[in-house]
Number of protein chains: 2
Amino acid sequence: MIPQFASTANPALAAQLDSAIDNKTKPLGSLGMLEQLAKQIGLIQNTVAPAIDRPAILVFAADHGIVAEGVSAYPQDVTWQMVENFLAGGAAINVFAAQAGCHLQVIDAGVNHEFGQRSALIDRKLANGTANFAKAPAMSPDLCAAALEAGMALAAAVPGNVVGFGEMGIGNTTAAAALMHKLSGIPVALCVGAGTGLSADGVAHKQRVIEDAVALHAGVDAPLAVLATFGGLEIAMMAGAMLQGAAMRKVLLIDGFIVTSALLVASRLQPAILDYCVFAHCSAESGHQRLLEALGVQPLLQLDLRLGEGTGSALALPLLLAAVNFLAHMATFDSARVSEKKG
Amino acid sequence: MIPQFASTANPALAAQLDSAIDNKTKPLGSLGMLEQLAKQIGLIQNTVAPAIDRPAILVFAADHGIVAEGVSAYPQDVTWQMVENFLAGGAAINVFAAQAGCHLQVIDAGVNHEFGQRSALIDRKLANGTANFAKAPAMSPDLCAAALEAGMALAAAVPGNVVGFGEMGIGNTTAAAALMHKLSGIPVALCVGAGTGLSADGVAHKQRVIEDAVALHAGVDAPLAVLATFGGLEIAMMAGAMLQGAAMRKVLLIDGFIVTSALLVASRLQPAILDYCVFAHCSAESGHQRLLEALGVQPLLQLDLRLGEGTGSALALPLLLAAVNFLAHMATFDSARVSEKKG
């Protein structure tokens, strides 16, 4: 069921990419992270001439039973209201995706609301949200598997070679923090944050809710079981889409805390997936920086964003374009007849 | 001679901008630095509806007599060769400016080379480079004043409301480090770096060259005298353009170490200029981070770039667009009928 794929490692191609990058008219290494990015995208696409083709951002929305425990600063209705906002073009992700020339797909992965027939909404609703994991597993194993499969099919249908991820789901930082704790071993206190704007008391309460739930579900440790027990429908669908995207050698553009928690699950199933991931930004949500460190990865942007929706993915896209563009279009020392370094 | 202008501070407008930003459909403050940027650009443009109009990047090129002391890893000819590369469209700044839809102007501020009549090159050559400041002042007071004036005229002629800065000049990190030391008091050892790729011995030599020159020119302390003694024609021209740009309420997009050294000079003449500056990135050139800290400012990007040319300015431009675009195009809680925060 889980797609199989290998690392992108390819020493011969890596050497060709290094040489192409180093021969561009600039001091060695002077484009910093863009050079690593160009090389990474070349390795993913298995070419010395990587390109960005029809990038898409997939925004997965779902509701979370855990909100019954009072873990969010906003009411659950905001999930469907924000989906309506996405469909109307009024959210931050609409603005940033349009600016980046990036196609936007909005997926109902399990919102607790009846949208009716809406042409711009991709209906993959598998349930009206998850169960409250403070009382019972968020999803049954079958429901979780169905969400993974739905995500795989969505990624398989993306026409381009870059898939950016985004999400909307009131309560989903609580699910993400629980996943992070269970799959990384980092203490819950270091995984929880203010989400959409909890007070310090609210954060402390959220921590207790997660710690109690972890105790309730003691013994649940396998990645898929952890995902079903503590995750969300949008998180499972993203994990599936990431695995399928990597299997198709697409660049995976990872947004903030919740998207990274989905990637954490995927990486526990297929560690090679990290080769395919570009980390868009480090969120201001407490826990995201630690999660990125635990994954051993470096994000492109640090703008103190904590909005989700894939906004970081959209904002990072021009940097991916810059990476492939300098490799494609800059002159070499030879072609431009520029003198090389002395001595 | 130096343009006069006030701070952008305007409490009534600032409150209107805060309110407009806070009413957008997102958790309070969740767009982080983009929110501060939207507010800053609104204050610069004196409007609640800021916009980016015809952004331009001005790349100033000049040579430096100090290269005779062996302070650069590349030969001086690379300055004119890279100008030719700019004119042919083969440099990183060409690629990134084109991607950002940003007009590029290349200015010969004093390159030690005869380009002849070239339609794409703006000829403001005031000398074939500066004198070697290890032996004599880099520029006479008159030459330095002429460079400032030329920069002012160039900025005055820019049609749009964003001026990005970039530079090319073999040896100019040495000039920039000397300016930084003289105008900030930070020890030379913390101002010098590898530039285009010096060895540790090379950096140590560069430090000694600057320290000896500082001793030679002891007593030179006024900002304009420091600029004339240790600066460069491209640095002086940039400082002039920045001052004029601020006087015309344009957004100044500040690139890396050398551009920031020009801004440091300008800020010593007109401290209010900082209100008009957006700092594109923190360079990997040792000294830039300390210089940004000394100015008390925060850059948008940290990509380990150390190329100059205005590449950071071009890469940061989409973030300026994102800032004004979210303010212009996102729905409000009211208009989108999204519930606000609880309690």
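The model shown is predicted, which means the values in this text are computed figures rather than measured ones.

1. Details of the packing of aromatic side chains
Aromatic ring pairs are defined here through the distance separating the ring centres and the angle between the ring planes. All names here are of chain A. Summed over the entire model, instances satisfying the criterion amount to six aromatic pairs over all chains. The interplanar angle of 15° and the centroid separation of 6.4 Å between the aromatic rings of Phe60 and Phe165 together place this pair among those described as stacked. In this pair, Phe60 sits in strand β1 (residues 56-62) while Phe165 sits in strand β4 (residues 162-168), placing the two residues 105 residues apart along the sequence. Classification of Phe60 as buried rests on a relative accessible area of 0%.

2. Here we look at the environment of A:Leu121
Residue and element names in this part refer to chain A. For Leu121, the location among the structural elements is in strand β3 (residues 121-123). Judged by relative accessible area, Leu121 falls into the buried class, the value being 10%. For the pair formed by Leu121 and Asp108, sequence separation is 13 residues and the distance between their alpha carbons is 6.9 Å. Every residue in contact with Leu121, bar those within four places of it in the chain, is listed here: Val83, Leu87, Val106, Ile107, Asp108 and Phe115.

3. Observations concerning the interface of chain B and chain A
Across the boundary between the two partners, chain B contributes 54 residues, which contact 54 residues of chain A. Summing both sides of the interface, chain B and chain A together bury roughly 4500 Å²; the carbon and sulfur share of this comes to 62%. There are zero salt bridges connecting chain B and chain A. Across the chain B-chain A interface, the total number found is 24 residue pairs in polar contact (both at pLDDT 80 or more).

4. Brief notes about the sheet that holds β4(A)
All names here are of chain A. The six strands are arranged β3-β2-β1-β4-β5-β6 in an open sheet whose pairing can be described as parallel. Sheet topology places β3 and β6 (277-279) at the edges, where each strand pairs with a single neighbour. Strand-to-strand twist of the sheet, defined as the mean angle between neighbouring strand axes without regard to direction, takes the value 30°. With three bridges joining them, strand β2 (residues 103-110) and β3 adopt parallel strand pairing. Bridge pairing in β3 places Asp108 opposite Asp123. Across the sheet, helix α11 (residues 257-269) touches β4, β5 (251-254) and β6, and the angle it forms with β4 is around 115°.

5. Points about the packing of helix α6 (residues 172-184) of chain A against α11(A)
All names here are of chain A. In the contact formed by α6 and α11, the axes pass within 9 Å of each other and the chain directions differ by 35°. Crossing angle aside, the handedness with which α6 passes α11 is left-handed. Side by side, α6 and α11 meet where Asn172, Thr173, Ala176, Ala177, Leu179, Met180, Leu183 and Ser184 of the first sit next to Phe257, Ile258, Ser261, Leu264, Val265 and Arg268 of the second.

6. Quick word on the relation of the copies chain B and chain A
Rotating chain B by 180° about the axis while translating it 0.0 Å along that axis superimposes it on chain A, leaving an RMSD of 0.0 Å. Accordingly, the operation relating the two chain copies is best matched by a two-fold axis. Among all C-alpha atoms of chain B, that of B:Leu301 lies closest to the rotation axis, at 3.2 Å. In this assembly, 100% of the residues forming the interface of chain B have copies in chain A that are likewise at the interface, indicating an isologous arrangement.

Parameters at a glance
Every chain's residues receive numbers from 1 upward, in the order its sequence appears when written. Whichever chain is written first is A, and whichever ligand is written first is 1; the rest continue in order. Local features are withheld for residues below a pLDDT of 70 in this predicted model, meaning they are given only at 70 or higher, and side-chain atom pairs are given and counted only at 80 or more; totals for whole chains, interfaces and linings count all residues. Processing note: side-chain calculations cover all non-hydrogen atoms of the structure and skip hydrogens and water entirely. Only centres within 6.5 Å qualify two rings of Phe, Tyr or Trp (six-membered ring in Trp) as a pair; their planes then separate them into stacked at under 30 degrees, edge-to-face at over 60, and tilted for everything else. Put simply, DSSP marks the helices as runs of H or I at least four residues long and the strands as runs of E at least two long, and each gets a number from the N terminus on. Each residue is assigned to one of three classes by its accessible area relative to the maximum for its type, calculated with a 1.4 Å probe on protein chains only: buried under 20%, partly exposed between the two thresholds, exposed over 50%. Contacts between residues were defined by any pair of non-hydrogen atoms, one from each residue, lying within 4.5 Å. Joining two parts hides part of their accessible area as seen by a 1.4 Å probe, and the buried area is that hidden amount summed over both. Here, a salt bridge means any side-chain nitrogen of Lys or Arg that lies within 4 Å of a carboxyl oxygen of Asp or Glu. In protein, a polar contact means a hydrogen-donor-capable atom and an acceptor-capable atom, both N or O and within 3.5 Å, with residues adjacent in sequence counting only if both atoms are side-chain atoms; elsewhere, any N or O pair within 3.5 Å suffices. Strands are labelled as partners when DSSP assigns at least two bridges between them. Axis definition: a line fitted to C-alpha atoms, over the contacting stretch in the case of helices. Angles run 0 to 180 degrees between N-to-C directions. If you view the pair so one helix is near and one far, a crossing is left-handed when the near helix is turned anticlockwise from the far one by less than a right angle, and right-handed when it is turned clockwise. Least squares is the method for superposing the copies, and the C-alpha atoms it fits come from residues with pLDDT of at least 70 in both.

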